[in-house]
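The primary structure of each chain is shown beneath.
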Amino acid sequence: MQFSMLEGYYQKWHEILVIGKTIERDGNRYHIIGLTRSDEVRLYIIEPYKEPVEKRRRGVCNYRRVLKEQAENEFESCYLHCSSICLGNEDLQVKGGTSGSLKDVSEDYGTIRLFFAMMDAGWTIPEWLKEEDWSRLQLVTLDIKKMEQLPQYFPHIPVTITHRPCPASHIVEKPVTLHIGKSASVSFNDHYGERVWCYINDVTLVDVWKDIEEKFQDPDIIASYAPEELQKLKQEVYSTLEQSCPKGKFYIGVAYECSKDLSLVFYSEECLKSKPAERQGNASFLSVGFRPEKETGEHQLPLKGCVVDTPVSPDTTAVAAELFRYFEPAQEWTEAYGGELDD
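Residues numbered from 1 in each chain as written. Predicted model: local features only at pLDDT ≥ 70, side-chain atom pairs only at ≥ 80, totals over all residues. Heavy atoms only, no water.

**Student:** Looking at this model, I keep getting lost on the overall build of the protein chain. Mind explaining?
**Tutor:** On a plain count of helices and strands, the protein chain comes out with eight helices and 15 strands. For the protein chain, the share of sequence-separated contacts (at least 6 apart) that also reach a separation of at least 24 residues comes to 78%. (Helix = DSSP H or I, 4+ residues; strand = E, 2+ residues; numbered from the N terminus. Contact = heavy atoms within 4.5 Å.)

**Student:** Please explain the packing of helix α5 (residues 208-216) against helix α7 (residues 227-244) as it appears in this structure.
**Tutor:** Two packed helices can be described by the angle between their axes and the distance between those axes. Across the interface, α5 lies against α7 with an axial gap of 12 Å and an inter-helix angle of 165°. With respect to their mutual orientation, α5 and α7 come out roughly antiparallel. Here the hand of the crossing between α5 and α7 comes out right-handed. Here Val208, Trp209, Ile212, Glu213 and Phe216 of α5 lie close against α7, whose contacting residues are Leu230, Leu233, Lys234, Val237, Tyr238, Leu241 and Glu242. Of the residues that constitute the contact of α5 with α7, the class distribution is nine nonpolar, no polar and three charged. (Axes fitted to C-alpha atoms, helices over the stretch in contact; angles between N-to-C directions. Parallel < 35°, antiparallel > 145°, perpendicular 65-115°, else oblique. Left-handed = near helix turned anticlockwise from the far one by under 90°. Nonpolar A, V, L, I, M, F, W, Y, C, P; charged D, E, K, R; others polar.)

**Student:** What exactly am I supposed to notice about the side chain of Thr316 here?
**Tutor:** Secondary-structure assignment places Thr316 in the loop between β13 (304-312) and β14 (318-328). Residue Thr316 is classed as buried on the basis of its relative accessible area of 17%. (Buried < 20%, exposed > 50% of the residue type's maximum accessible area, 1.4 Å probe, protein only.)

**Student:** Explain the pairing of β14 to me, please; I cannot follow it from the model alone.
**Tutor:** Looking along a regular strand, one sees the side chains alternate between the two faces of the sheet. Most of β14 sits out of view: eight of its eleven residues are buried. Of the strand pairs in this sheet, strand β8 (residues 168-179) and β14 are connected by ten bridges, and their pairing is antiparallel. Paired with Ser169 across the strands is Phe327, a residue of β14. One ladder, built from six bridges, connects strand β12 (residues 263-268) with β14; its direction is antiparallel. (Pairing = 2+ DSSP bridges.)

**Student:** Before we go on, may I ask you to explain the nonpolar core in this structure?
**Tutor:** Note on soluble globular proteins: their nonpolar side chains tend to be buried together. Residues Leu35, Leu43, Tyr79, Leu87, Leu142, Ile144 and Ile161 are the most contacted members of the largest nonpolar core, which totals 27 residues. When contributions to this core are tallied by element, the ones reaching two or more residues are β1 (15-25), β2 (28-37), β3 (41-48), β4 (82-87), β5 (90-101), β6 (137-144) and β7 (159-163). Leaving out residues up to four positions away in the same chain, Leu87 has contacts with Leu17, Ile19, Leu35, Leu92, Pro151, Tyr153, Ile157, Pro158 and Val159. The next biggest cluster of nonpolar side chains, apart from the first, holds 23 residues, and it includes Val176, Phe188, Ile200 and Phe250. (Core = buried A, V, L, I, M, F, W, Y, C linked by side-chain atoms within 4.5 Å.)

**Student:** I would appreciate a short explanation of the sheet that holds β8 in the present structure.
**Tutor:** Pairing between the strands of a sheet is mediated by backbone hydrogen bonds and can be parallel or antiparallel. A sheet is described by the order of its strands in space; here three strands give the open sequence β8-β14-β12, paired in antiparallel fashion. With one partner strand each, in any of the chains shown, β8 and β12 form the two edges of the open sheet. Sheet twist, expressed as the average angle between the axes of neighbouring strands with direction ignored, equals 25°.

**Student:** Which parts of the structure should I look at to understand the pattern of salt bridges?
**Tutor:** Any two side chains of opposite charge can pair, on the condition that their charged atoms come close. Summed over all chains, the structure comprises 17 salt bridges. Close ionic contact of Arg64 with Glu322 constitutes a salt bridge, the shortest N to O distance being 2.7 Å. Within this pair, whereas Arg64 is found in helix α2 (residues 63-72), its partner Glu322 is found in strand β14, the two being separated by 258 residues in sequence. Of the two residues, Arg64 and Glu322, both sit in the buried class. Across the pair Lys260 and Glu194 runs a salt bridge, and its minimum N-O distance is 2.4 Å. In this pair, Lys260 sits in the loop between β11 (250-258) and β12 while Glu194 sits in the loop between β9 (184-189) and β10 (195-206), placing the two residues 66 residues apart along the sequence. Each of Arg64, Lys68, Glu173, Glu269 and Glu322 takes part in one network of salt bridges that share partners. (Salt bridge = Lys/Arg side-chain N within 4 Å of Asp/Glu carboxyl O.)

**Student:** What exactly am I supposed to notice about the state of the cysteines here?
**Tutor:** Here, the word disulfide means a covalent bond between the sulfur atoms of two cysteines. Per the counting criterion, the structure on display carries zero disulfides. In this model Cys306 remains outside any disulfide bridge; the closest cysteine sulfur is found in Cys198, 9.6 Å from its own. Under the relative-accessibility criterion, Cys306 is labelled buried at 7%. (Disulfide = S-S within 2.5 Å.)

**Student:** Looking at this structure, I do not really get the confidence of the model for the protein chain. What am I missing?
**Tutor:** A low pLDDT means the predicted coordinates there should not be read in detail. Looking at the protein chain, pLDDT values average 88 and 89% of them are 70 or higher. Per-element averaging of pLDDT across the protein chain places helix α1 (residues 4-9) at the bottom with 59 and β10 at the top with 97. (pLDDT = per-residue confidence, 0-100.)

**Student:** I'm lost on the packing of aromatic side chains in this one. Help?
**Tutor:** Describing an aromatic ring pair means giving the distance of the ring centres and the angle of the ring planes. In this structure the tally under the stated criterion is ten aromatic pairs. With a centroid separation of 5.7 Å and an interplanar angle of 70°, the aromatic rings of Phe216 and Tyr238 are classed as edge-to-face. You can see Phe216 sitting in helix α5 and its partner Tyr238 sitting in helix α7, a full 22 residues away along the chain. Residue Phe216 is classed as buried on the basis of its relative accessible area, which comes to 1%. For Tyr238, a relative accessible area of 23% translates into the label partly exposed. Of the aromatic side chains, those joined through ring pairs into one cluster are Tyr63, Tyr267 and Phe324. (Phe/Tyr/Trp six-rings, centres within 6.5 Å; stacked < 30°, edge-to-face > 60°.)

**Student:** Mind showing me how you'd approach the side chain of Thr22 here?
**Tutor:** Take Thr22: it is sitting in strand β1. Here His31 takes part through its side chain, which lies 2.9 Å from a polar atom of the side chain of Thr22. (Polar contact = N/O pair within 3.5 Å; in protein donor to acceptor, adjacent residues only side chain to side chain.)

**Student:** How should I be thinking about the sheet that holds β1 in this particular structure?
**Tutor:** The eight strands lie next to each other as β1-β2-β3-β6-β5-β4-β7-β15, forming an open sheet whose pairing is antiparallel. At either end of the open sheet lies a strand with only one pairing partner, and these are β1 and β15 (333-337). Sheet twist, expressed as the mean angle between neighbouring strand axes with direction ignored, is 25°. In terms of strand pairing, β7 meets β15 through five bridges, oriented antiparallel. Bridging from a neighbouring strand, His163 pairs with Trp333 of β15.

So, in structure tokens, the structure goes:
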């Protein structure tokens, strides 16, 4: 260890607000520790954590297997996807957040320092939490919209939490051939056992290189970087893009309607059979979307888009693919607690 590491762990907060309240729901306990304010305002919640189960399966480890194992091991945080938390009349708008297991927190000096700072500010660790093994807990950190001063909080103040859960993912694996410039229809049974129709209005080639180059022409992007930083970012992004979609190749865009309000995800058979590849470079800039020009499709349903990110040549006429999964939107909901919560 070097002294330079301390700079990364050091954090000075302008304000700390202890909430220290436990919520019991669905047989689990969740503990709201409190808020900190520095350059950013953050709220901290301790939740149960379930370690993903590693299954030893025979056969080739291809991308299909990886995607299905990821779906099986999804363990959703309860409070990571909150949109707002109200302390009385004070509405804290959530911008985003992160979550992580506390399993190795004894080596995470930043988190340990946070816990000590909360204790110095008056946080009392509840009795039920004292003997909990950290490997079965996770810390959720919510980024709150900037405020000049943290609100006041007292035990009698009601707490209202608005949830905006992530869409639920369901595997389909329905084979379909995507013909460039042509329409098609495909049906499948959803997880309720109901028949769902997907109407493919069009299949087109997506010039991902052109899309990325247009992103770099965005005045907001240009203004966000010094010229030398922007040039370095371009080199990193183009290097990464060359690995996933060599210049001269295209991705495939699918414009579709769905008889239910679902978001569909297509993969090529080539991709699903391939081995997962590790790519070097900056991939955060490579998110490519496909938005149909029209809002409504041929069946008077909302027209949506999906990108099949398998590189193909410009003379491609058809691609063997699968409607691999769909996402079902989750409804926003609110839980409210009047006054005291159990410690």
